[in-house]
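# Geometric and topological summary
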2 protein chains.
Amino acid sequence: MKKIGVVLSGCGVKDGSEIHEAVVTLLSIARNGAKAVCMAPDVELAEVNHLTGQETGAKRNVLVESARIARGDISNISAISAKDIDALVLPGGFGAAKNLCDFAVNGPNGKVVPEVQRLVREMAQASKPICAICIAPAVLALALGKELAPEITIGTDQGTAQAINATGSKHVECAVSDFVIDKKHKVVTTPAYMLAENIAEAAEGIEKAIKATLDLI
Amino acid sequence: MKKIGVVLSGCGVKDGSEIHEAVVTLLSIARNGAKAVCMAPDVELAEVNHLTGQETGAKRNVLVESARIARGDISNISAISAKDIDALVLPGGFGAAKNLCDFAVNGPNGKVVPEVQRLVREMAQASKPICAICIAPAVLALALGKELAPEITIGTDQGTAQAINATGSKHVECAVSDFVIDKKHKVVTTPAYMLAENIAEAAEGIEKAIKATLDLI
């Protein structure tokens, strides 16, 4: 059975993984006959109250909160290397841009959390597929942009697209129901909630992107 | 467009709503052309670390944590009445048995949180369909058992089934891929993670149960 790494960044769109995107990812992996290997970095996040949208000032742990989405079946990303998995998926949510890297603050000059950068680069070096959803392509842009210049999408947002291009990656516009595939670098991306107005729209693109990613293995 | 109330109980299987069940519920509602109306009670939950499985001793708020699953689009259940929605769905997770009622502690002698009990009874009195997933049928059993004795399932667990029967409800065994429908009382239930070994198994029964619930409107 193919093993698909899923990098989570917390639990909730405003300070962690976008929950719908993460769950549709897990469901698509299972329905394609593969096994999800959930992981997250052991770092802090700044808690956001999802009812008010305001930061509370409190901290939570990204690995501990991500375990909610994984039903406890999750590893510290530092324990996973490219040899353990056949493909890697990064769901979106602000956690991807705030907890896996600091793209939300520093844009194209941002840095990726070291263990996340290590695994993304290992996957690229091993020529194993990587899928990124919603804003998570920004993590790939920071980790791989200058070296590999992959073609990726975050949908149609001009400012974010310019920041992606400034990393050395190439942004391609894409509809919510579709995905962008860079066959040379085995990178698959889909806009999901960067564009989606409801969960069914987000799911359509994610399901297609996961299928395309597994087909690259 | 049909409006389907979704009662959340936090965010995470061990102290709130089971996230996969809740998201598959929202996706199924959208794919059947209906609109989800998310709600939760404004009460406290006892936080469980989902990495260790241990209670932390800290409290979180059920409505605030449920907002993570709802992407902020959620109401206090006290603001919703049966006239506002066409059907009601209760996803599972320990939150259903600990935060929506105290079935986890007091079994058939448990009590339902007053605003949850009010809405469930309003739906039954209005002859509007109610769907409950996983352990959430226990909430219906406590809210409706003595009065209506609905036929419901939590799968095959004998101890839980006996506790359900002791409320006056009638437990029916059911496979994970299937659901139980009580057409007289318009109550639909499916075992999901009471039996499911992975998200695809849980989703199969939930998708069928949501479709059956919407067909009862």
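None of the values given here were measured: they were computed from a predicted structure. (Residues numbered from 1 in each chain as written. Chains lettered and ligands numbered in written order. Predicted model: local features only at pLDDT ≥ 70, side-chain atom pairs only at ≥ 80, totals over all residues. Heavy atoms only, no water.)

### Section: the interface of chain A and chain B
Listed as interface residues are 35 residues of chain A and, on the opposing side, 35 residues of chain B. Taken together, both faces of the contact between chain A and chain B bury some 3,000 Å²; the carbon and sulfur share is 61%. Looking at the side of chain A facing chain B, the largest losses of area belong to Leu51, Arg68 and Arg71 of chain A, adding up to 26% of the total buried there. There are eight salt bridges connecting chain A and chain B. (Contact = heavy atoms within 4.5 Å. Buried area = accessible area lost by both parts, 1.4 Å probe. Salt bridge = Lys/Arg side-chain N within 4 Å of Asp/Glu carboxyl O.)

### Things to note about the pairing of strand β6 (residues 87-90) of chain B
Residue and element names in this part refer to chain B. Residue alternation in β6 divides its side chains into two sets, Ala87 and Val89 and Leu88 and Leu90, and both sets are buried. Examined bridge by bridge, strand β1 (residues 3-7) and β6 share three bridges and lie parallel to one another. Bridge pairing links Ile4 to Ala87 in β6. With three bridges connecting them, β6 and strand β7 (residues 130-133) associate as parallel partners. When the bridges of β7 are listed, Leu90 appears paired with Ala132. (Buried < 20%, exposed > 50% of the residue type's maximum accessible area, 1.4 Å probe, protein only. Helix = DSSP H or I, 4+ residues; strand = E, 2+ residues; numbered from the N terminus. Pairing = 2+ DSSP bridges.)

### Considering the sheet that holds strand β2 (residues 35-40) of chain A
All names here are of chain A. Spatial ordering of the open sheet is given by β5-β2-β1-β6-β7-β11-β10, a layout of seven strands whose pairing is mixed. This sheet does not close on itself; its edge strands, each paired only once, are β5 (74-76) and β10 (180-182). Strand after strand, the sheet turns through a mean of 25° between neighbouring axes, direction not considered. Across the sheet, helix α2 (residues 62-69) is in contact with β2 and β5; its angle to β5 comes to roughly 160°. Helix α8 (residues 199-215) contacts β1 (3-7), β6 (87-90), β7 (130-133) and β11 (187-190) of the sheet and is inclined by roughly 175° relative to β11. (Axes fitted to C-alpha atoms, helices over the stretch in contact; angles between N-to-C directions.)

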